[in-house]
Amino acid sequence: MQVHSIPILRLAKAEDRDNILPLMLLFKKELPLYKDLPTEEEYILKTIDTYISKINNIDTTVIVSLLDNIIVGIIVGTASRLPFNSQIQAAETIWYVVPEYRNTEIGLALYKAFEYWAINKVKASVLHTGAPVGSKLNKIFEKQGYSLLEEVYFKTVSQEA
């Protein structure tokens, strides 16, 4: 008899940083715009440390999904005031699930945890999220009540001396 583990969601801890690093490396490798840029693991770790140190349920959250004590997914949410009033907006800043777990409930569970944080902890009026070109996330977002507002364009600029 095979026993299947149940994914666990929890706030990230400082000691998770080294286990989050492989996800961030995979995330970078999968994004066409970023994959050819240099990879500096020490700066990835600093970014992870910065997000984790800011977890306060007010302007930052970092939630990880564990399966058999291995981190297989992460979502980072950040919040800020809207530019034209006192209302708050929350954004999904990083959302990544390792490829072999993408057709499971893990990704949506992470996103629902972000939404819960944004709506109930931050009291956000507006939620932002994004989908990589070619993904099927737009269908999921539309099903969850999101509307496409704008598209984001990127350009990699050479910083050669």
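See the structure above.
Residues numbered from 1 in each chain as written. Predicted model: local features only at pLDDT ≥ 70, side-chain atom pairs only at ≥ 80, totals over all residues. Heavy atoms only, no water.

Trainee: Outline the overall build of the protein chain, listing residues and values.
Mentor: Helices and strands together make up the secondary structure of the protein chain, namely 5 helices and 5 strands. In the protein chain, which comprises 161 residues, the share counted as buried stands at 31%. For the protein chain, contacts bridging at least 24 residues in sequence account for 58% of all contacts bridging at least 6. For the protein chain, the accessible surface area stands at approximately 11100 Å², while carbon and sulfur atoms represent 55% of it. (Helix = DSSP H or I, 4+ residues; strand = E, 2+ residues; numbered from the N terminus. Buried < 20%, exposed > 50% of the residue type's maximum accessible area, 1.4 Å probe, protein only. Contact = heavy atoms within 4.5 Å. Areas by Shrake-Rupley, 256 points an atom, 1.4 Å probe, with all protein chains shown as cover.)

Trainee: Got a sec to walk through the sheet that holds strand β5 (residues 126-128)? Specific residues and values, please.
Mentor: As summarised here, the arrangement of the 5 strands in space is β1-β2-β3-β4-β5, forming an open sheet in which the pairing is mixed. One side of each edge strand has no neighbouring strand; the edge strands of this open sheet are β1 (8-11) and β5. Ignoring which end each strand starts from, the neighbouring axes of this sheet average 20 degrees apart. Where strand β3 (residues 70-81) meets strand β4 (residues 88-97), 9 bridges bridge the pair, whose relative direction is antiparallel. Within β4, the residue paired with Ile 75 across the bridge is Trp 95. Together, β1, β2 (60-67), β3, β4 and β5 form the strand contacts of helix α4 (residues 106-121), whose direction differs from that of β4 by roughly 160 degrees. (Pairing = 2+ DSSP bridges. Axes fitted to C-alpha atoms, helices over the stretch in contact; angles between N-to-C directions.)

Trainee: Any details on the packing of helix α1 (residues 17-30) against helix α3 (residues 41-53)? Residues and values, ideally.
Mentor: In contact at an axis separation of 10 Å, α1 and α3 are set at 120 degrees when each is read in the N-to-C sense. The handedness of the crossing between α1 and α3 comes out as right-handed. Contact residues: Arg 17, Asp 18, Ile 20, Leu 21, Met 24 and Leu 25 in α1; Glu 41, Ile 44, Leu 45, Ile 48, Asp 49 and Ile 52 in α3. Broken down by class, the residue content of the contact of α1 with α3 amounts to 8 nonpolar, no polar and 4 charged. (Left-handed = near helix turned anticlockwise from the far one by under 90°. Nonpolar A, V, L, I, M, F, W, Y, C, P; charged D, E, K, R; others polar.)

Trainee: Could you give me a rundown of the packing of aromatic side chains, with the residues and numbers involved?
Mentor: Using the criterion set out here, one finds 4 aromatic pairs in the structure. With a centroid separation of 5.2 Å and an interplanar angle of 55 degrees, the aromatic rings of Tyr 111 and Phe 114 are classed as tilted. Highlighted residues: Tyr 111 and Phe 114, both in helix α4, separated by 3 residues, approximately one helical turn. Three or more aromatic residues joined by ring pairs make a cluster, and in this case those are Trp 95, Tyr 111, Phe 114 and Trp 117. (Phe/Tyr/Trp six-rings, centres within 6.5 Å; stacked < 30°, edge-to-face > 60°.)

Trainee: An account of the side chain of Glu 92 is requested, with residue identities and associated values reported.
Mentor: Tracing the chain through its elements places Glu 92 in strand β4. The side chain of Glu 92 sits in the buried core without any salt bridge; Arg 102 is the nearest counter-charge, 12 Å away. Excluding its chain neighbours within four sequence positions, the residues that come into contact with Glu 92 are Ile 75, Val 76, Tyr 111, Phe 114, His 128, Thr 129 and Gly 130. (Lys, Arg positive; Asp, Glu negative; His and termini not counted. Salt bridge = Lys/Arg side-chain N within 4 Å of Asp/Glu carboxyl O.)

Trainee: Tell me about α3, residues and numbers included.
Mentor: Given a rise of 1.5 Å per residue, 13 residues ought to cover 18 Å, and the 18 Å separating the end C-alpha atoms of α3 matches this to within 8%. Those residues of α3 not exposed but buried are Ile 44, Leu 45, Ile 48 and Ile 52. Seen along its axis, α3 keeps its buried residues to an arc of 100 degrees; they face one direction. In α3, those exposed residues whose orientation departs by more than 90 degrees from the buried face are Glu 42 and Ser 53. (Expected span 1.5 Å × (residues − 1). Arc of directions from axis to C-beta.)

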